[in-house]
Amino acid sequence: MKHFISLHDITVDEFNSLLSLAAKLKAEQKAGKPHRILEGKTLAMIFTKSSTRTRISFEVGMYQLGGQALFLSANDIQLGRGETIYDTAKVMSRFVDGIMIRTFAHQDVLDLAKYGSIPVINGLTDLLHPCQALADLMTVYEHKGTLKGLKLSYIGDGNNVAHSLLYACAKAGMDISVASPKGYECDPEIVANAKEDASLTGSQILMTNDPVEAITNADVVYTDTWASMGQESEKAERVKIFKDYQIDSELFSKSKPDSIFMHCLPAYRGFEMTADVIDGERSVVFDEAENRLHAQKAVLATLMG
Ligand code: CP
Ligand code: NVA
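These lines cover the structure that appears in this document, whether it is placed above or below.

### Thoughts on the site of ligand 2
Consideration 1: Around ligand 2 sit Leu124, Asn159, Asn160, Val161, Asp224, Thr225, Ser228, Met229 and Leu265, and that is every residue in its neighbourhood.
Consideration 2: One of the side-chain nitrogen or oxygen atoms of Asn159 is found 3.3 Å away from a nitrogen atom of ligand 2.
Consideration 3: A distance of 2.8 Å separates an oxygen atom of ligand 2 from a polar atom in the side chain of Asn160.
Consideration 4: Across the complex, the protein chains shield 95% of the 270 Å² of accessible surface that ligand 2 would expose by itself.
Consideration 5: Its residues placed into classes, the shell around ligand 2 shows four nonpolar, four polar and one charged.

This is the structure:
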């Protein structure tokens, strides 16, 4: 594994190894055992979009691994003034040991990896959010004791989070059903790639416009914001289009009685889900947030150790 850009690019074994290492690092950290695997190493973190979880978890993760992290807002580095990805990749490769980038165009992340000589980690693009999906399946495993054979239902926008969940479930042998309104479905190319991965693990993929069909019998119910970063101007229109996709207690009750509720956060109560669902006892959203730290430490240790 040279980079962590898309879960489609990694093998089932690599995916499982990351989950095991994440669990081990989490247990060690809870036991107060230091694991300074990245002593003296530096991670540059480029952000052209906002972040709470990604920024904090990568920064803290690097400190806990004995290294350090540099927060670089694209507005403050020359990339924001038109310096090319090519030159940025070449220059950063001379200073640091790895780059984490959160940005709009997925191609920029691929180019950074292509032109640089150090590992690149995707901290979210318009297309994918692999760190999130890795932490999510770690969380499902902690709560359910298994992944294979479980069913995850994603209800809402066919966005970056939905795409990475398709890849993650396919790698893990989990069934996944996605319900989105017409015109807001997942990218067909991503669905085709996920089906290719699913054929290796036996995972079943169902894409539908019907939230009830998707959620029936689910072990895990997942949603995300209806308007992602960069889509703020579409919010009012999207609220109308997505209203039947809100996870309220009635829709949630159609999943299994012991299903868990997940959301990558930030969440908007009263929109993609009601407050009683996200604040209810079957919600594991803060475990998910915490596991970003442990899952990403596994990625950092694997790529930069
Ligand atoms: N879930 C997630 O990536 O959160 P941030 O946008 O706060 O990083
Ligand atoms: N789909 C959301 C995820 C935020 C973590 C976005 O891209 O804004």
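### Digging into the pattern of salt bridges
Consideration 1: Applying the stated rule across the entire model yields 14 salt bridges.
Consideration 2: Measuring nitrogen to oxygen at the nearest pair gives 3.7 Å for the salt bridge that ties Lys144 to Asp258. In this pair, Lys144 is assigned in helix 5 (residues 130-144) and Asp258 in the loop between helix 10 (249-252) and strand 9 (260-263), connecting sequence segments 114 residues apart.
Consideration 3: Residue Lys144 is classed as partly exposed on the basis of its relative accessible area of 21%.
Consideration 4: Between Lys171 and Asp197 there is a salt bridge, with its nearest N and O atoms 3.5 Å apart. In this pair, Lys171 is assigned in helix 6 (residues 160-172) and Asp197 in helix 7 (residues 188-201), connecting sequence segments 26 residues apart.
Consideration 5: On the accessibility criterion, Lys171 (6% relative accessible area) is buried.
Consideration 6: For Asp197, a relative accessible area of 7% translates into the label buried.
Consideration 7: Several salt bridges converge on common partners, so that one network encompasses Lys24, Glu28 and Lys33.

### Some thoughts on unusual backbone geometry
Consideration 1: A cis amide bond, omega 5 degrees, links Leu265 with the succeeding residue Pro266.
Consideration 2: Of note, Asn217 is a non-glycine position whose phi angle comes to about 70 degrees, a positive value.
Consideration 3: Residue placement: Asn217 occurs in the loop between helix 8 (211-215) and strand 8 (220-223).

### Some thoughts on the site of ligand 1
Consideration 1: Neighbouring residues of ligand 1: Ser51, Thr52, Arg53, Thr54, Arg102, His129, Gln132, Cys264, Leu265 and Arg292.
Consideration 2: In the model, an oxygen atom of ligand 1 is placed 2.6 Å from a nitrogen or oxygen of the Ser51 side chain.
Consideration 3: Side-chain polar atom of Arg53 to an oxygen atom of ligand 1: 2.8 Å apart, as the coordinates give it.
Consideration 4: Against a free-state accessible area of 260 Å², the protein chains account for coverage of 96% of ligand 1.
Consideration 5: Grouping the amino acids of the shell around ligand 1 by side-chain chemistry returns two nonpolar, five polar and three charged.

Quick notes on the rules
Residues numbered from 1 in each chain as written. Chains lettered and ligands numbered in written order. Predicted model: local features only at pLDDT ≥ 70, side-chain atom pairs only at ≥ 80, totals over all residues. Heavy atoms only, no water. Near = heavy atom within 4 Å. Polar contact = N/O pair within 3.5 Å; in protein donor to acceptor, adjacent residues only side chain to side chain. Areas by Shrake-Rupley, 256 points an atom, 1.4 Å probe, with all protein chains shown as cover. Nonpolar A, V, L, I, M, F, W, Y, C, P; charged D, E, K, R; others polar. Salt bridge = Lys/Arg side-chain N within 4 Å of Asp/Glu carboxyl O. Helix = DSSP H or I, 4+ residues; strand = E, 2+ residues; numbered from the N terminus. Buried < 20%, exposed > 50% of the residue type's maximum accessible area, 1.4 Å probe, protein only.

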